[in-house]
Amino acid sequence: MTTSNDAARTALLRRGFALECTTLAWNVAGFVVLAVAAISARSVALAGFGLDSLIEIGASAVVVWELSGTGEARQRRALRLIGGGFTLLALYLLVQSTFVLATGFRPHHSSLGIGWTAVTAAVMFALAAGKARTGAALDNQVLKTESRVTLIDGLLAVAVLAGLLLNTTLGWWWADPLAGYVLAYYALREAKEIFSGEH
């Protein structure tokens with residue numbers, strides 16, 4: 001019975017690693033794609049979402065360390081770094097979005113940005129569901145928490161996508177910096193939860 005339980009746990013851990021490695025790979029690719037799209041479209045929301053991809057890479061790395069049985073001190077240190085990253089992201093987005101709204105700066109259409117954020121939303125929702133199930137089966141709070149971060153990442157992709165589509169179809173250029181404010185709110189909330197010890 002114990003051998004069977006050990007084998008099941010090992011299989012769940014492998015699935016957890018696979019889900020996190022997929023998330024890492026997607027976000028690494030996403031950072032590159034979003035950087036190109038943000039520069040060509042001059043989009044605050046795409047730039048912010050690209051920076052969020054870097055933070056998600058750090059969050060996934062924390063979970064990989066935790067699943068490997070790494071000590072709590074290293075995990076706390078990594079979480080503080082992620083919290084600092086979220087704070088810097090929020091400050092950048094608040095300043096840049098406010099500047100864009102104040103000056104009336106208009107981002108360009110971005111087919112690449114629209115396509116990538118649409119696919120990213122679907123991928124993140126699927127990964128979040130897999131992490132939530134695996135975390136619940138393992139009774140692993142870190143993996144369950146990170147599944148919510150991945151879910152929010154999917155929701156953020158939807159928000160950015162909405163801003164890009166509104167800009168493209170209706171000419172609502174201000175939808176892009178508004179999507180930046182949505183990202184800033186999320187980043188500040190995540191930073192607050194990390195520093196208050198709720199993560």
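Structure first, text after, so check above.
The model shown is predicted, which means the values in this text are computed figures rather than measured ones. (Residues numbered from 1 in each chain as written. Predicted model: local features only at pLDDT ≥ 70, side-chain atom pairs only at ≥ 80, totals over all residues. Heavy atoms only, no water.)

Engineer: Got a minute to help me understand a nonpolar patch on the surface in this structure?
Structural biologist: Judged by side-chain polarity, Phe31, Val32, Val36, Leu51, Leu54, Tyr92 and Leu112 come together as a nonpolar surface patch covering roughly 560 Å² of accessible area. Going through the elements one at a time, helix H1 (2-41) and helix H2 (44-67) are the ones with two or more residues in the nonpolar patch. Ranked by residue count, the leading element in the nonpolar patch is H1, at three residues. Looking at where Leu112 falls in the secondary structure, it is placed in helix H4 (residues 111-138). (Patch = residues over 30% accessible without salt bridge, like charges linked within 9 Å, V, L, I, M, F, W, Y side chains within 5 Å. Areas by Shrake-Rupley, 256 points an atom, 1.4 Å probe, with all protein chains shown as cover. Salt bridge = Lys/Arg side-chain N within 4 Å of Asp/Glu carboxyl O. Helix = DSSP H or I, 4+ residues; strand = E, 2+ residues; numbered from the N terminus.)

Engineer: I would appreciate a short explanation of the nonpolar core in the present structure.
Structural biologist: It is characteristic of soluble globular proteins that their nonpolar side chains tend to be buried jointly. Judged by nonpolar contacts, the single largest core of 36 residues is most densely connected at Leu46, Phe49, Ile82, Phe86 and Val160. Those residues within four positions of Phe49 in sequence are excluded, and the remaining contacts are Leu34, Thr117, Thr120, Asp153, Leu156, Ala157, Val160 and Leu183. Judged by nonpolar contacts, the second largest core, of six residues, contains Leu12, Leu67, Leu138 and Val142. (Core = buried A, V, L, I, M, F, W, Y, C linked by side-chain atoms within 4.5 Å. Buried < 20%, exposed > 50% of the residue type's maximum accessible area, 1.4 Å probe, protein only. Contact = heavy atoms within 4.5 Å.)

Engineer: Honestly, the pattern of salt bridges in this entry has me stumped. Any pointers?
Structural biologist: Opposite charge on two side chains lets them pair, provided their charged atoms get close. Across all of its chains, the model carries three salt bridges by this definition. The salt bridge involving Asp139 is made with Lys144; its shortest N-O contact spans 3.8 Å. On the basis of relative accessible area, Asp139 is assigned to the exposed category, the value being 62%. Here Glu190 and Arg189 are joined by a salt bridge, their closest N and O atoms 3.8 Å apart. Residue classification places Glu190 among the buried residues on the basis of a relative accessible area of 2%. When its relative accessible area of 32% is taken as the criterion, Arg189 is described as partly exposed.

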